[in-house]
Structure formats: C-alpha cells, structure tokens
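Structural overview
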Amino acid sequence: MARFETSTAEIDGYRPFPDERVHEYLDAGYWHGDTFHDVVDRHAAETPDSPAVTGPDRTLTYAELADRSRAIAAAFRAVGLGPDDLVTLYLPNCVEFVEVFLACSRAGLAPALALPRHREREIRHLVDLTGSRLVVTDAGRYDPGFDYAGLVDEVAGDADSVDALVGVTPDGAEPSEGWHDVESLATEGASAVAETAAGTAPGTGPEDALADLTVNPCNPGLLMLSGGTSGLPKAIPRTHNDYIYLWEHIAAAMGVESDWSLVAGLPVPHSFAFGYVLGPALWTGAEVVVEPRLKPGPVVEAIDRADGDLTTLIPKQLIDFLEADADDVLASLQVVCSGGQKVPPEVTRRVIERWDVGFCHVFGMGEGAQIITRPDDPLDIQAETIGRPVGPGDEVRVLDEAGRPVERGEPGELVVRGPGVFTGYLRNPEANAADFEDGGWFHTGDVVAERADGNYEVYGRLDDTINRAGETIYAPAVEDALVEHPDVAKAAVVGIPDPELGERVGAAVELVEGVDGLSVEEVQNFFEDQGHAVYRRPEQLVVLDELPETQVGKIDRGDVEHLFD
Ligand code: AMP
C-alpha cells in the first residue's frame, strides 16, 4: 500500500503538518499511516463477528460495520462527493453516526462533527465556514422533540455549497423531498458493490470509484469543533494519523481490552467521548455502546444492558450518578473517565471509594493535548492532579507570561506540540497568529503546574483567573472548596468587576437535594473553618435550581457572570 509522507489535501485555509514532522512521526512509529477505516477493516478481517457498535435497538459486528460504511461511501461517491470535500455530520449518539463517520473516511471526506445541542446559529456558521457539500442529520428517528431536518433544510436552502442532504429516518418512513436516507444509501451502495463484484456492472459504478481511491492519512479525516462558552465554534482539522495516535495511547493508558464494552455518556462528536470511547474501542476491536438520550437514567440503562466496562462522564454527571443510587448497575464498570472541566478532588474520592473503579482524570481538548491519570494511580494523584501526557511523542512546556519556562512546580500556560496535536484552526488566520508560535507550538490558554513527581495540576483557563486586589485566584479551586460544603452539589465561580479591588469572587451553587437554602455568611464561615485565605472566600452567592451549561453540558461560567451584572 502507498505510504504517504506528506499531506496532499487541497483545502483552502488548512495548515498541514510540515513534512519534517510527518517523517519524524512515521519513523518513530508514532504514526502508522493508517486511515480510520483501515483500523476497522483490520478487525473486520481478524474478528469479523465481534460486536463493534451497539445502539438501543441493534448491534453491528465489525464485518457489518465495514460493509455498511463501504456501501454508504460508495453511495457518497455516486452523488459526486470525494476527497477534500468538507461535510457536516449533525447526529446524536447512534449507530448511524459511526457508519457515516467511517463512510466519510472511505470516501476521503472530512466531516465537521456538530453537537446535538448546536442550533441554527452554529449550524449555519459551520456550513458556511466549511462550505459543506453534504449535511447528515436525524430526520425524526432519535429525537422527535426537535426538528433537526427542518433546521438543516433552512440552512441548506441559504447555502450554495450544499449538494446533498441525508437523514436518519424512523423505520418504514420515506425520506422527505430532496433528502436521501442513510438506510437506502446503504442498500443502494451495497447493490452497487455486489454488482461490481459479480462483474455485471460497467466499470464506472460507485464501487470502482471507491476502489480507485486511496485516502491519504496525512490529510484531515474530520473537523472537531472548539467548545467555549461564547462565540461560534472554531473548526479543528484533525488528520487520520494524529487522531489514531491518540486512540492508541489513550486505549493503552486506560487498559482497554478487546472484550470490553465502552459506553458513551457524552456526545460522541465531542472530543471527550470521541477520543476516550469511540476511538479506543475501534482501535482495540472492542464494542462501543451509544445511547442518544444522555440523561442519567438512559445512560445507566445502557451501562446495565451492555455490562459496560468503561464510561466517560463530565463532573456534573458524576455527581448526578452518585445521587442516582445506581451502584449495583455501575458495578460492572472497570474504568470511569471524567474531566472536560476540573473534577473536584472531593468528587473523585467519593467515586473511587464508592464504586471501587479505576479512575482516569482526563484533561483534554479538541485541539489534541491530552493529559490523564491512569486507572491504577494512587488516590492522591487521581484526586489532586490530571496525571501525565498520554503519548510518548507529546511535547509539553509550561511558560510564564513572557514565554519563558517556569520553575517546576510553578503555574504557567500549557503550551503543546506533537503527533496528536492539531496544526491550526481552519480558515482562521487571526486565531492561528494569536495561539501558535514558531515551530508549531500551540498555546492552550490553560494554566497548569508540573509537580516533582511528573504529574500535572490544573488551575483553570487564563481567563478563569480572578484578580482581587493583586491576589490571583483560580475559579476552579474555589469551586472545589465549595463542593466540599455538605449542602453544595455543584458550584460555578466567577470574578465580579469591582471598582476598588479589580474583582471580587462571586459564586453560583446548586444545592444538594432536600436542602432549602444557603447564605453567603454560612459559606464564608465554612471557608474560614477550612482555613482558606480571606480573599478566596465568595463575597456574593446565588443559589440556582440548575447551573447553566455549555453545549456539551459543562458548567457555563460565561452565563454565570451575567447573574452578577
Ligand atoms: P473543549 O473545547 O470542549 O475541547 O474543551 C477544552 C478545554 O476544557 C480545555 O482547554 C480546558 O480548559 C478544559 N478542560 C478539559 N479537561 C479539563 C480538566 N480535567 N480540568 C480542567 N479543565 C479542563
């Protein structure tokens, strides 16, 4: 098979890995030169009958996943889609997400992975930014409560770039006018594949087009979307090579085995579940379990049905799961990963002690840098740190404001580069100029410190820093202290602008069920009892029924700030 040693992508506004780094990563064995579908085809050949992906109502084996994604890819080629085309994949956690993602890989398309909670503003922006030629969405099969197809129809109607719309329709339903549906694409593609194999079709069928196509793993295989609490998402091109590097080393760090079931507790299009559930399962030949409804009830049921071995949850979900009284069901779990935002040490301790599981505290981002604790790390490391970089080729620096390395143990900005880190946002020269420095180093905007034992501690984002009369306070550290109060379930801390002190500490909290109220004085007394410095104590407190969330369910500090306007 051809070994690609350079990107051949002709995508406007895309910055490929420089050739010298491609050579370095291939020579070191960090990159294998595989595409996403190569990974699946290997298992389809070796363990064809192993379950690959399970949704609420069906399972596909590796052989079936390979065949169906090949058929859908053939159908994509038949409607004129091919290498360097960017498309939008806008689906909840479902079997079709995995099929279509792999079909894109086979056809050389790079799908932008929209989140189910994205709405018109984000989808319009994405389709415009990427010039998407295809949009795939739910046409009523999974979420009758929201008209995804209607939204996409409207956006596509205004976008010249879109040539094809594909929906996931309920069983027995016909696709709407102007739409294809995934099921019939799989069938049409499959018959084209069969005809070609039987030699009955002329040499121009879609399967021939697929056979002629060798996808270059140095090219983008997907676009992750940046999170954040304000503004529109940026698109993060990720190559097959660089994501597979993460899948391999994340799977190894978590100890994933081929007979495991990995259950997605978060949206699979988001980098957390994509990198810690879908990818490691596919890399290892294990089963990925997808459930479209991500409330605690359905996710616990999915873990129960599958006897799940591993799941990923953000801290808010961990707390909900602790309260859900589902310990019997969760007993099958061998590893729980949490992160995406700081996991309060108190919550980590409760999870490990109560569920007796291997814990991975995950610090990660769609841009690629991944730092995690390992399941067999001691409790102190799990609770107090984010562990160590995940892969052998990861390069990590901690820099001060002037860009100089800080002393070990001191906090500074995390700056990263390596075989699993992206090379620049798509079509966004301003962000790339601001966030990258020479040599391809990416400034993450996160503040961390490296401890003497090589584990990293996370302080928060540079902009989560509160400056009160010259004292630097990290909002996540105050949140950790707040959830130690017996009445507080969840907390979000922000800086409130103040003419005299610069900023003061404001806190919004969700109380433990059954607790009626909490005053700022009670919180301050608790901080005093716990020995926290005066300047770290919240000076204003708001009690909410539910804290505001970002589109992936993280606590939205941006919205909390407005509570103190
Ligand atoms: P996203 O845009 O959703 O990929 O979010 C990435 C950002 O989430 C990182 O840059 C961090 O600011 C934050 N983050 C992720 N994991 C953690 C963690 N374990 N602790 C603190 N912050 C985290």
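These notes cover the structure that comes with them. A quick note: this is a predicted structure, and the numbers were derived from the prediction, not measured. (Residues numbered from 1 in each chain as written. Predicted model: local features only at pLDDT ≥ 70, side-chain atom pairs only at ≥ 80, totals over all residues. Heavy atoms only, no water.)

This next bit is on the packing of aromatic side chains. The final tally for this structure, using the stated rule, is 22 aromatic pairs. Pairing Phe-97 with Phe-101 gives two aromatic rings, centres 6.4 Å apart and planes at 10°, and the pair type is stacked. In this pair, Phe-97 and Phe-101 are both assigned in helix H4 (residues 95-107), four residues apart and thus about one turn of the helix distant. Here the two residues Phe-97 and Phe-101 agree in accessibility, since each one is buried. Grouped by ring-pair contacts, the aromatic residues Phe-36, Phe-97, Phe-101, Tyr-243, Trp-247 and Phe-274 constitute a single cluster. One residue, Arg-119, lies across the ring of Phe-146, its end atom 3.6 Å from the ring centre. Positioned over the ring face of Tyr-425 is Lys-234, at 4.9 Å from the centre of the ring. (Phe/Tyr/Trp six-rings, centres within 6.5 Å; stacked < 30°, edge-to-face > 60°. Helix = DSSP H or I, 4+ residues; strand = E, 2+ residues; numbered from the N terminus. Buried < 20%, exposed > 50% of the residue type's maximum accessible area, 1.4 Å probe, protein only. Lys NZ or Arg CZ within 6 Å of the ring centre and 35° of its normal.)

Taken together, 17 residues lie around the ligand, and Gly-227, His-270, Val-362, Asp-446 and Lys-554 are the ones closest in. Relative to its unbound accessible surface of 500 Å², the ligand loses 90% to contact with the protein. Within the residue set of the shell around the ligand, elements represented by two or more residues are strand S14 (358-364) and strand S21 (456-461). No other element matches the four residues that S14 contributes to the shell around the ligand. Within the shell around the ligand, the residues separate by chemical class into four nonpolar, nine polar and four charged. (Near = heavy atom within 4 Å. Areas by Shrake-Rupley, 256 points an atom, 1.4 Å probe, with all protein chains shown as cover. Nonpolar A, V, L, I, M, F, W, Y, C, P; charged D, E, K, R; others polar.)

Turning to the pairing of strand S9 (residues 235-239), a few remarks are in order. Within a regular beta strand, the side chains point alternately toward one face of the sheet and then the other, so they alternate between its two faces. Extensive coverage of S9 is indicated by the burial of five of its five residues. Burial along S9 is two-sided: the residues Ala-235, Pro-237 and Thr-239 and Ile-236 and Arg-238 are all buried. Two strands pair when backbone bridges link them, and strand S8 (residues 220-225) and S9 are joined in this way by five bridges, in the antiparallel orientation. By the bridge assignment, Leu-223 is partnered in S9 with Pro-237. (Pairing = 2+ DSSP bridges.)

Attention shifts here to the state of the cysteines. Using the criterion set out here, one finds zero disulfides in the structure. Cys-94 supplies the cysteine sulfur nearest to Cys-104, a cysteine that is in no disulfide, at a spacing of 13 Å. Cys-337 carries a free sulfur, and the closest cysteine sulfur to it, the one in Cys-360, is 4.4 Å from it. (Disulfide = S-S within 2.5 Å.)

Our focus in this paragraph is the side chain of Asp-435. The residue Asp-435 is located in helix H16 (residues 429-435) in this model. Despite its burial, Asp-435 pairs with no opposite charge, the nearest such side chain being Lys-234 at 5.0 Å. Not counting chain neighbours up to four residues away, the residues in contact with Asp-435 comprise Tyr-425, Trp-441, Phe-442 and His-443. (Lys, Arg positive; Asp, Glu negative; His and termini not counted. Salt bridge = Lys/Arg side-chain N within 4 Å of Asp/Glu carboxyl O. Contact = heavy atoms within 4.5 Å.)

On to the nonpolar core, then. Formed by 102 residues in total, the largest nonpolar core has its most connected members in Phe-76, Phe-97 and Phe-274. Residues contacting Phe-76, with those up to four places away along its chain left out, are Leu-81, Val-100, Ala-103, Cys-104, Ala-107, Leu-109, Leu-134, Val-166 and Leu-185. Within the second largest apolar cluster, 27 residues are counted, among which are Leu-126, Ala-149, Leu-151 and Ala-235. (Core = buried A, V, L, I, M, F, W, Y, C linked by side-chain atoms within 4.5 Å.)

The next subject is the sheet that holds strand S11 (residues 287-289). Read across the sheet, nine strands follow the order S2-S1-S11-S10-S12-S13-S14-S15-S16 without closing on themselves; strand pairing throughout is mixed. With partners counted over all chains shown, the strands left at the sheet margins are strand S2 (59-61) and strand S16 (388-389), one partner each. Pairing between strand S1 (residues 51-54) and S11: two bridges, direction parallel. Residue pairing across strands places Val-53 opposite Val-288, the latter belonging to S11. The sheet contacts of helix H3 (residues 62-78) involve S1 and S2, and relative to S2 the element is tilted by about 90°. (Axes fitted to C-alpha atoms, helices over the stretch in contact; angles between N-to-C directions.)

Any link to function would need more than the numbers given here.
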